[in-house]
Amino acid sequence: MFSSGVALLTSYMLVLLLLAWPLGIALTRLVDDRLPLWLIRVESHIKFLENSQMKWQTYAAAILVFNLLGAALLFLLMLFQGSLPLNPLHLPDVSPLLAINTAISFITNTNWQAYAGETTLSPLSQMLGLTVHNFLSAANGIAVAFVLMRALTRTGSQQLGNAWVDIWRITVYLLLPLSVIYALFLAQQGVVQSLMAQISVPGLSGVEQHIPLGPVASQEAIKMLGTNGGGYFNANSAHPFENPTALTNFVQMVSILLIPAALCICFGRVAGDNRVGSALLWTMGIMLSVAALLIMWAESQGHPVLANLAVDQQMSAIQSGGNMEGKETRFGLWASSLFATITTAASCGAVNAMHDSLTPLGGLIPMVLMQLGEVVFGGVGSGWYGMMLFVFLTVFLAGLMIGRTPEYLGKKIEIYEMKMVTIGLLIPPALVLLGTALAVILPQGLVSLQESGAHGFSEMLYAFSSAANNNGSAFAGLNSNTPFMNITLAVLMFVGRFGVMLPVLAIAGALIEKRHQPASAGSLACHGPLFVGMLIGVVLLIGALTFIPALALGPIVEHLTLWQTH
């Protein structure tokens, strides 16, 4: 039966690469400003699209100001929701702390939700607030990736691009057309798209039931394509109105990693060497596949407590078997396990099963994928430039071993770049560990826990790993709508996003000034099996050294305790 999971994973990777290849080729036109002449003429009439080049400091300031203004507007929209139109259920204003947390969550592409969407936010707040920022936060991440690509392949301080032009083009020419097509497909498959807040139907006991509706398909499309993850409904992609069929489930999984995979292909073409893009794809693909197989194996073993209760957990022709707690029968064990892998490898956070119900080892893998920095494909843009930080570190370590100045694509990686790499790599782990430690020693943090012991610690560690790495998924047993959690997680989401983005832009600013050095016999080949193996080793080594002690207190000790006891 395990062969069914392997077959699903194999078919998924094939479909993903077949779709990502042409999209990656198309993305090179946005990076290189090679647009059709008629489109350039249209843009010439839009004043803010004057394509004046920015230095990295100006680009970073534009990104920060743009996002802070967006957060303020989203905060005000939720704060005065009760007085605004398109609120058929007359939902009240969102509390200030929850509104702050949600605003920061959506501008950072985290989409952490400490609320149930269908009972907290009006259709106006969902459409004008959350959906808009699903587009803009995704465009921000891709724009920063474009800047780093230009810095690695161009020379000259005025060649980094223009933030307003990049965000406009990514949103209007990439994300919007894909989302329209995708939303129409979802609506055809049964995903709800309506301005009605709910529909009333007679229940089985004769009591009228109120079933929530809303403009779901339009939000679902960019939720997945932009690796946002915030669901219209509290159950997210486990809800039949968001993800009704096995086909929509498979397409949603493909759409999560479509743009991250395409960016690797795009980078190879922009660099003039497809092998460097392929090296990143191989690295991410191998790590994703191993993680998926580990979760499938862990979940297929079933739960030891249920085994002692004479519950049949065997796989057969009439049941999925294994640990089916918290999973939808219409998806089964394999698709649920693969979805959990993909959504935490990317900074998506959408779920089609409850991660709190995974086995201890099954829950450990998604946690580790986030703690590695969301670089196994990762979020749109952010995953690619996050992996590039590990590439620079790998090149630097290899250069030390062979006694040469480290270079990547002919550009020297020197002291300044490594300082920025170190800052970008250390900020998220520091936030995770310090935040978790603070939450488990303060009464204000402990009040959020509904579980004690190792599993309760895992819930807290997962939450802070998710927030600091801009994922957004959660172990469902944690109450995060408290003053302490709303404020703390908002700070982590903001610093985790821009604390990595700004060092990346600083690296781009330094690299763009450097001239390309010709390759020599001693140059490190940044492609091929050796480099891929080195890169995987560095990524895992950093994650292992940082988080193994914390993981030992949570999922590892929980696994040992369960299997020893039962």
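Figured I'd write up the structure that's included with this text. Predicted, not measured: the structure shown is a model, and the values here were computed from it.

Turning next to the overall build of the protein chain. Of regular secondary structure, the protein chain possesses 19 helices and 4 strands. Over its C-alpha trace the protein chain gives a radius of gyration of 23 Å, about what one expects of a compact globule, namely 24 Å for 566 residues. Counting only C-alpha atoms and orienting by the principal axes, one finds that the protein chain spans roughly 75 × 55 × 50 Å. Contacts in the protein chain between residues at least 24 apart in sequence constitute 78% of all its contacts with a sequence separation of at least 6. Accessible surface computed for the protein chain: about 21700 Å², of which carbon and sulfur atoms make up 69%.

It is worth spelling out the state of the cysteines at this point. Scanning the entire structure with this criterion turns up 0 disulfides. Cys 264 provides the cysteine sulfur closest to Cys 266, a residue in no disulfide bond, and the two sulfurs are 9.6 Å apart. The buried category is assigned to Cys 266, whose relative accessible area is 0%. Looking at Cys 348, it has no disulfide partner, and the nearest cysteine sulfur is the one in Cys 264, 17 Å off.

Now for the pattern of salt bridges. Applying the stated rule across the entire model yields 12 salt bridges. With a closest N to O distance of 3.0 Å, Asp 273 and Arg 275 form a salt bridge. Taking the relative accessible area as the measure of exposure, Arg 275 reaches 48% and is therefore partly exposed. Three or more residues joined by partner-sharing salt bridges are found here, namely Asp 32, Arg 34 and Arg 154.

Our next topic: the side chain of Ser 289. Inspection of the secondary structure puts Ser 289 in helix H10 (residues 274-300). The residues contacting Ser 289, other than those within four sequence positions of it, are Leu 9 and Met 13.

Take the pairing of strand S2 (residues 208-212) next. Regular strands have side chains that alternate between both faces of the sheet. In the sheet, strand S1 (residues 198-202) pairs with S2 via 5 bridges, with the strands oriented antiparallel. Paired with Ser 200 across the bridge in S2 is His 210. Once S1 ends, the chain turns through 5 residues before running back antiparallel as S2, passing Gly 206 with a positive phi of about 90°.

The next subject is the nonpolar core. Tyr 12, Leu 148, Leu 175, Trp 384, Met 388, Phe 392 and Tyr 408 are the most contacted members of the largest nonpolar core, which totals 128 residues. If we ignore the near neighbours within four places in the chain, the residues touching Tyr 12 are Phe 250, Met 253, Val 254, Leu 257, Leu 288, Leu 338 and Ile 342.

If you add up the space inside the largest pocket, you get close to 510 Å³. Lining of the largest pocket is provided by 28 residues; of these, Gln 113, Tyr 115, Asn 234, Ala 474 and Ala 476 occupy positions nearest its centre. Residue composition of the lining of the largest pocket, grouped by class: 13 nonpolar, 15 polar and no charged.

Right, let's get into the packing of helix H3 (residues 56-79) against helix H18 (residues 483-511). Where H3 contacts H18, the two axes come as close as 9 Å, and the packing angle between them is 160°. Relative to H18, H3 is oriented roughly antiparallel. As H3 runs across H18, the sense of the crossing is right-handed. Taking contact as the criterion, the partners of Trp 56, Tyr 59, Ala 60, Ile 63, Leu 64, Asn 67 and Leu 68 in H3 are, on H18, Phe 494, Phe 498, Met 501, Leu 502, Leu 505, Ala 506 and Gly 509. Split by residue class, the contact of H3 with H18 holds 12 nonpolar, 2 polar and no charged.

Rules of the game
- Residues numbered from 1 in each chain as written.
- Predicted model: local features only at pLDDT ≥ 70, side-chain atom pairs only at ≥ 80, totals over all residues.
- Heavy atoms only, no water.
- Helix = DSSP H or I, 4+ residues; strand = E, 2+ residues; numbered from the N terminus.
- Rg over C-alpha atoms; globule rule 2.2 N^0.38 Å.
- Contact = heavy atoms within 4.5 Å.
- Areas by Shrake-Rupley, 256 points an atom, 1.4 Å probe, with all protein chains shown as cover.
- Disulfide = S-S within 2.5 Å.
- Buried < 20%, exposed > 50% of the residue type's maximum accessible area, 1.4 Å probe, protein only.
- Salt bridge = Lys/Arg side-chain N within 4 Å of Asp/Glu carboxyl O.
- Pairing = 2+ DSSP bridges.
- Core = buried A, V, L, I, M, F, W, Y, C linked by side-chain atoms within 4.5 Å.
- 1 Å grid on protein atoms, 1.4 Å probe; cavity = no way out; pocket = protein on both sides within 12 Å on 5 of 7 lines; lining within 4 Å.
- Points joined across faces, edges and corners; volume = space filled by probe spheres on them.
- Nonpolar A, V, L, I, M, F, W, Y, C, P; charged D, E, K, R; others polar.
- Axes fitted to C-alpha atoms, helices over the stretch in contact; angles between N-to-C directions.
- Parallel < 35°, antiparallel > 145°, perpendicular 65-115°, else oblique.
- Left-handed = near helix turned anticlockwise from the far one by under 90°.

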